[in-house]
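# Report on the structure
The primary structure of each chain is shown beneath.
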Amino acid sequence: MRIYLPATTSVLRTLVDEGRLHGPHTGFAVTPQLREHYALSDAAADVEELEYAALLTAARASLRLVDVDPTAARRRVVLAADVPDAAVTPVDDPDTDPGAVRVTVDVPLADVASAHVDGAAAEDDVRAAVAVVLEADLGSDEAQFVVDQAEGHELAWYATQEIGPALDLL
């Protein structure tokens, strides 16, 4: 199953240095809950669109991780990885984002398909969003506007072999 793991640049460094991320993990994927959620607004959404939605939800979760990691660059990071279906359990809780999953296994670098990272131009908007993302989660329209500014930046795509060199440029 393709999963999208929210991360930080510190997590990327761990992945490169250790060759794996130790589980368990919370991530996002195309789950029955995500399909049901999008069926209400876009019944024609295909798997690719649903995977993109899972990636964007992971990017929002990355903001929360950056908030608690003072050593991380102020950039959203998402890892796309393929793990065994049996290692993934959908989180069936109405208070969580649709598509949330628990991943019980380690994620080796060899199972990572790509990394998605904000560019330098996003840093100021991400820094501002990190400061208010929890308020946005609680319904603040003003905070949501700030988060929307960060989410307006497209994440750059990096192949697995490009992750280390990309980190060296930060």
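Here's what I pulled together on the structure shown here. (Residues numbered from 1 in each chain as written. Predicted model: local features only at pLDDT ≥ 70, side-chain atom pairs only at ≥ 80, totals over all residues. Heavy atoms only, no water.)

### Section: the overall build of the protein
Which entries qualify depends on this criterion: What counts as a helix is a DSSP run of H or I of at least four residues, what counts as a strand is a run of E of at least two, and both are numbered from the N terminus. Here the globule rule reads 2.2 Å times residues to the power 0.38, and the radius of gyration is calculated from C-alpha atoms. Using a 1.4 Å probe on the protein chains alone, a residue whose accessible area is under 20% of its type maximum counts as buried, one over 50% counts as exposed, and one in between counts as partly exposed. Here, residues are in contact when the closest pair of their heavy atoms is within 4.5 Å.
In terms of helices and strands, the protein carries 6 helices and 9 strands. A compact globule built from 170 residues would reach a C-alpha radius of gyration of about 15 Å, and the protein, at 15 Å, matches this within 12%. With respect to the principal axes defined by its C-alpha atoms, the protein has extents near 45 × 40 × 25 Å. Out of the 170 residues belonging to the protein, those deemed buried represent 43%. Pairs at least 24 apart in sequence give 77% of the contacts found in the protein among residues at least 6 apart.

### Topic: the pairing of strand β6 (residues 100-103)
Which entries qualify depends on this criterion: When DSSP finds two or more bridges between a pair of strands, those strands are recorded as paired.
Pairing geometry for strand β3 (residues 25-28) and β6, over 4 bridges, is antiparallel. Counterpart to F28 in the pairing with β6 is A100. One ladder, built from 3 bridges, connects strand β5 (residues 88-90) with β6; its direction is antiparallel. Within β6, the position partnered with V88 by the bridge is V103.

### Digging into the packing of helix α4 (residues 123-137) against helix α5 (residues 141-151)
How we decide: Angles run from 0 to 180 degrees between N-to-C directions of axes, and those axes are lines fitted to C-alpha atoms, restricted for helices to the stretch in contact. Convention used here: angles under 35 degrees read as roughly parallel, angles over 145 as roughly antiparallel, angles from 65 to 115 as roughly perpendicular, and any remaining angle as oblique. Should the near helix be turned counterclockwise from the far one by less than a right angle, the crossing is left-handed, whereas a clockwise turn marks it as right-handed.
Their axes nearest at 8 Å, the elements α4 and α5 cross at an angle of 140°. The orientation of α4 with respect to α5, classified from their angle, is oblique. The way α4 lies across α5 gives a crossing that is left-handed. Between α4 and α5, the residues in contact are D125, V126, A128, A129, V132, V133, E135 and A136 and A143, Q144, V146, V147, Q149 and A150, respectively.

### What about the pattern of salt bridges?
Here is the rule: One side-chain nitrogen of Lys or Arg within 4 Å of one carboxyl oxygen of Asp or Glu is enough to make a salt bridge.
Taken as a whole and judged by the stated rule, the model has 10 salt bridges. Residue R60 pairs with D137 through a salt bridge whose shortest N-O separation is 3.6 Å. Here R60 is found in helix α3 (residues 47-67), whereas its partner D137 is found in helix α4, with 77 residues between them in sequence. Its relative accessible area of 15% is what places R60 among the buried residues. On the accessibility criterion, D137 (36% relative accessible area) is partly exposed. D137 is paired through a salt bridge with R64; the nearest N and O atoms lie 2.8 Å apart.

### Focus on the nonpolar core
Rules: Residues enter a nonpolar core if they are buried and are Ala, Val, Leu, Ile, Met, Phe, Trp, Tyr or Cys, with the set joined through side-chain atoms within 4.5 Å.
Ranked by size, the top nonpolar core spans 20 residues in total, and within it I3, L12, L79, V112 and I163 carry the most contacts. Within the residue set of this core, elements represented by two or more residues are β1 (2-7), α1 (9-18), β4 (77-82), β6, β8 (112-117) and α6 (163-168). Residue contacts for I163: discarding those within four places in its chain leaves L12, L15, V16, L109, V112 and A115. Counting 14 residues, the second largest nonpolar core, distinct from the first, contains Y4, L34, A59 and A100.

### Quick word on the side chain of R74
Operational definition: By the counting rule applied here, Lys and Arg register as positive and Asp and Glu as negative, while His and the ends of each chain are not counted. Pairing of N or O atoms within 3.5 Å defines a polar contact, subject to two protein rules: one partner must be a possible hydrogen donor and the other a possible acceptor, and residues neighboring in sequence count only if both atoms are side-chain atoms.
Mapped onto the elements, R74 comes out in the loop between α3 and β4. Notably, R74 is buried but unbridged: the nearest opposite-charge side chain belongs to D69, and the N-O separation is 5.6 Å. Only 3.2 Å separates the side chain of R74 from the backbone oxygen of V66, close enough to count as a polar contact. From its side chain, R74 meets the backbone oxygen of D69 in a polar contact 2.7 Å long.

### Comments concerning the packing of α3 against α4
Short version of the rule: Under the grouping applied here, Gly and all other residues not named as nonpolar or charged are polar, the nonpolar ones being Ala, Val, Leu, Ile, Met, Phe, Trp, Tyr, Cys and Pro and the charged ones Asp, Glu, Lys and Arg.
For the pair α3 and α4, the least separation of the axes is 9 Å and the interaxial angle reads 105°. Here α3 is positioned roughly perpendicular relative to α4, judged by the angle of their axes. Along its contact with α3, which presents R60, L63, R64, V66 and D67, the element α4 presents V126, A129, V130, V133, L134 and D137. Of the residues that constitute the contact of α3 with α4, the class distribution is 7 nonpolar, no polar and 4 charged.

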